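So the chains spell out like this:
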Amino acid sequence: MAKAKAVLARNDRGDYTVPSLQIYPHQWLWDSAFIAIGQAHYDPDRAARELTSLVKGQWRNGMMPHIIFDPAAGYWLDHNFWKSGLSPDSPKDVFTSGISQPPVVALAVEAVAGKLEGQSRQKFIDLMLPALIAYHRWWYRERDPRNTGLVVLVHIWENGLDNTPPWMVALNKVRLPVWMRAGLALQLPILLKKLRPDTKIVSANQRLKASDAARALILAQHLRQQKYDSARILQDPDVAIESLTTNCILVAAAESLEQVAQMAGATVPVDLAAKAAQTKAALNALYQDGQYYSRNFITGRLIKTPSLNTFFPLLAGVASEEQASQLVELLKDQKQYWPAYPVPSVPVISPSFDERRYWQGPTWINTNWLIMKGLRRYGYNQEADELKRRSLELVAKSGFGEYFSPLTGERYGIDNFAWTAALTIDLLESN
Ligand code: 9WN
């Protein structure tokens, strides 16, 4: 507990916490949500600030951007790259990215509001509730163009689990300019340096491949050319995915929104409650033969590449009891999702499994936390307890890594990673 708090103190920037001082020195949306969930246990006021500071970056159309930049800090694609000012909806005095991230923030607002009392709780909800309503409405107004209830993501970074295999299938469709293809083939140092500043700190075999980083960059450039206008982007998108992760989190977030509204004696607007119910029902269409998948919005096909996304319908309460039991069986399969340190982002037997590479195999504490919540929702408390025990063991053994080998528990990525510390606190404090 003391070590976890020290990591958060080290990464604290006053009103927000950076995921890592070395490679992520800005405010990230879903990171701040996880961080506040940890902080709420020992300093609810600070946790509240972590979340209210997100409102400063919110766009006029309701979008909460995935990064709020500190213009003085570095990052390979910083505010000079994103140029959020190109959009009339961006805030004038703050630099942000032009895309969002999984909407975990309502879950955090619920957790933090529950720890605050009296006037501070009221003030916090008065600010956060309208911000969340505008944010959830943004998802539905701008990202559900066919009014199906399933929102569409247009960049791998919106998904949070950046290079998970289902997304790589879609990302491969992004065409690289000839000079970039040639540069990659020739391994031009100047290009690789631009694409891979992270590999000065973390070994390249633990990060995105250079060609994937190049595609992510070109895709972000396309979004910038369209001034981050979702309607324009979705007319002819390079990548458009009905993400299982985001839609499940959106359903869970809608439930949190109800709770938060209730705490303040308010109600969630009917249009939003109706959309959340529509999403919940629509998620059933993403189920086939015992598993759930994301769907490609362009082709209309399920992306049947296995990954831990399949467990998120538990979090959203979408699965029937029978479907849930099938998912739990799958989760407990030692050859797939239950090696020594579960839950790997990709099943161990999958050809794309790589125990070191980012979201293509490693175990992450935030996804474990979301899966535990889903297990408890369906009464699989023994499994959730076991996952909690092994997650804490992992951190005790290897520290507050960004991600870990599911096979050996070795720490990969950056050290002193904020959400690993914050969610460790939550696991230690809650049952
Ligand atoms: C791009 C900050 C973020 C997390 C994401 C994780 C990683 C960024 C990157 O780091 O993404 O947003 O540079 O790869 O994939 O989930 O929010 O910790």
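Residues numbered from 1 in each chain as written. Predicted model: local features only at pLDDT ≥ 70, side-chain atom pairs only at ≥ 80, totals over all residues. Heavy atoms only, no water.

Draft legend 1. Just the overall build of the chain, in detail. Along the chain, the regular secondary structure elements total 18 helices and nine strands. In summary, the chain has a C-alpha radius of gyration of 20 Å against a globular reference of 22 Å for 431 residues, a match within 12%. Based on the C-alpha atoms only, the size of the chain along its principal axes is roughly 60 × 50 × 45 Å. Counted over contacts in the chain with a minimum sequence separation of 6, partners at least 24 positions apart contribute 70%. As displayed, the chain offers around 16400 Å² of accessible surface, 50% of which is attributable to carbon and sulfur atoms. Charge-centre separation for the chain: the mean point of 47 positive side chains lies 6 Å from the mean point of 42 negative side chains. (Helix = DSSP H or I, 4+ residues; strand = E, 2+ residues; numbered from the N terminus. Rg over C-alpha atoms; globule rule 2.2 N^0.38 Å. Contact = heavy atoms within 4.5 Å. Areas by Shrake-Rupley, 256 points an atom, 1.4 Å probe, with all protein chains shown as cover. Lys, Arg positive; Asp, Glu negative; His and termini not counted. Charge placed at Lys NZ, Arg CZ, Asp CG, Glu CD.)

Draft legend 2. Representation of the packing of aromatic side chains within the structure. As enumerated under the stated definition, the model contains 24 aromatic pairs in all. Residue placement shows Arg146 over the ring face of Phe297; its charged tip is 3.7 Å from the ring centre. Lying across the ring of Phe81, Arg224 places its NZ or CZ 4.8 Å from the centre. (Phe/Tyr/Trp six-rings, centres within 6.5 Å; stacked < 30°, edge-to-face > 60°. Lys NZ or Arg CZ within 6 Å of the ring centre and 35° of its normal.)

Draft legend 3. A look at helix α3 (residues 44-55). Its 12 residues place the ends of α3 17 Å apart at the C-alpha level, agreeing with the 16 Å of an ideal helix rising 1.5 Å per residue. Here α3 has its buried residues at Arg46, Ala47, Ala48, Glu50, Leu51, Ser53 and Leu54. Tucked into the core, α3 has its buried residues touching β1 (27-28), α2 (29-39), β2 (67-68), α5 (105-115) and α6 (118-143). (Expected span 1.5 Å × (residues − 1). Buried < 20%, exposed > 50% of the residue type's maximum accessible area, 1.4 Å probe, protein only.)

Draft legend 4. Expanded view of the nonpolar core. Leu51 and Phe124 are the most contacted members of the largest nonpolar core, which has 153 residues in total. Other than its neighbours up to four places away in sequence, Leu51 contacts Ser32, Ala33, Ala36, Val105, Ala108, Val109, Val112, Phe124 and Met128. (Core = buried A, V, L, I, M, F, W, Y, C linked by side-chain atoms within 4.5 Å.)

Draft legend 5. A look at the site of the ligand. Neighbouring residues of the ligand: 15 residues in total, closest Asp31, Tyr75, Gly160, Asp162 and Tyr358. Between the ligand and the protein, one listed contact pairs an oxygen atom with a side-chain N or O atom of Trp30 at 3.1 Å. For the ligand, an oxygen atom lies 2.4 Å from a polar atom in the side chain of Tyr75. If the ligand stood free it would expose 410 Å²; the protein chains cover 96% of that surface. Looking at the shell around the ligand residue by residue, the classes come out as 10 nonpolar, three polar and two charged. (Near = heavy atom within 4 Å. Polar contact = N/O pair within 3.5 Å; in protein donor to acceptor, adjacent residues only side chain to side chain. Nonpolar A, V, L, I, M, F, W, Y, C, P; charged D, E, K, R; others polar.)

Draft legend 6. Highlighting unusual backbone geometry. For the bond from Pro342 to Val343, the omega torsion is 5 degrees, close enough to zero to count as cis. Of note, Val343 is situated in the loop between α15 (321-331) and α16 (365-377). A positive phi angle, near 45 degrees, is found at Lys83, a position not held by glycine. Positionally, Lys83 belongs in the loop between α4 (79-82) and α5. Assessed through its relative accessible area of 42%, Lys83 is described here as partly exposed. Even without being a glycine, Asn147 presents a positive backbone phi close to 55 degrees. Following the sequence through the fold, Asn147 ends up in the loop between α6 and β3 (152-153).

Draft legend 7. Representation of a nonpolar patch on the surface. Taken together, Leu186, Leu188 and Ile190 make up a surface patch of nonpolar side chains, about 340 Å² in accessible area. Residue placement: Ile190 occurs in helix α9 (residues 189-195). (Patch = residues over 30% accessible without salt bridge, like charges linked within 9 Å, V, L, I, M, F, W, Y side chains within 5 Å. Salt bridge = Lys/Arg side-chain N within 4 Å of Asp/Glu carboxyl O.)

Draft legend 8. The arrangement of the packing of α5 against α6 in detail. Close contact between α5 and α6 brings their axes to 11 Å; oriented N to C, the two are set at 170 degrees. Between α5 and α6, the angle is such that the two are roughly antiparallel. Judged by the sense of rotation from one axis to the other, the crossing of α5 with α6 is left-handed. Facing Val105, Ala106, Val109, Val112, Ala113 and Gly114 of α5, the residues of α6 in contact are Arg121, Phe124, Ile125, Met128, Leu132, Tyr135 and His136. (Axes fitted to C-alpha atoms, helices over the stretch in contact; angles between N-to-C directions. Parallel < 35°, antiparallel > 145°, perpendicular 65-115°, else oblique. Left-handed = near helix turned anticlockwise from the far one by under 90°.)

Draft legend 9. Representation of the pattern of salt bridges in the model. In this structure the tally under the stated criterion is 20 salt bridges. One connected set of salt bridges, linked through shared partners, spans Glu386, Arg389, Arg390 and Glu393.

Draft legend 10. Quick look at the sheet that holds β3. Spatial ordering of the open sheet is given by β3-β4-β7, a layout of three strands whose pairing is antiparallel. Unpaired on one side and paired on the other, β3 and β7 (295-296) mark the two borders of the sheet. Bridge count for strand β4 (residues 241-242) against β7 is two bridges, and the pairing is antiparallel. Bridge assignment links Ile241 to a residue of β7, and that residue is Asn296. (Pairing = 2+ DSSP bridges.)

Draft legend 11. Representation of the side chain of Glu50 within the structure. Looking at where Glu50 falls in the secondary structure, it is placed in helix α3. Setting aside residues no more than four positions away along its own chain, Glu50 makes contact with Asp15, Tyr16, Thr17, Gln27, Ser32, Ile35, Ala36 and Gln39.

Draft legend 12. Broad picture of the environment of Asn163. Checked against the element boundaries, Asn163 lands in the loop between β3 and α7 (165-171). Overall, the relative accessible area of 0% leaves Asn163 in the buried class. With 44 residues separating them in the primary sequence, Asn163 and Arg207 have C-alpha atoms 9.4 Å apart. When near neighbours in sequence (up to four residues on either side) are disregarded, Asn163 contacts Met168, Leu208, Arg357, Tyr358, Trp359 and Gln360.

Draft legend 13. Quick look at the side chain of Ser20. Here Ser20 lies in the loop between α1 (2-10) and β1. When its relative accessible area of 1% is taken as the criterion, Ser20 is described as buried. Within polar-contact distance, the side chain of Ser20 engages the backbone nitrogen of Ile23 at 3.1 Å. In this view, Ser20 contacts Asn11, Pro25 and Ile414; residues no more than four positions away in its chain are not counted.

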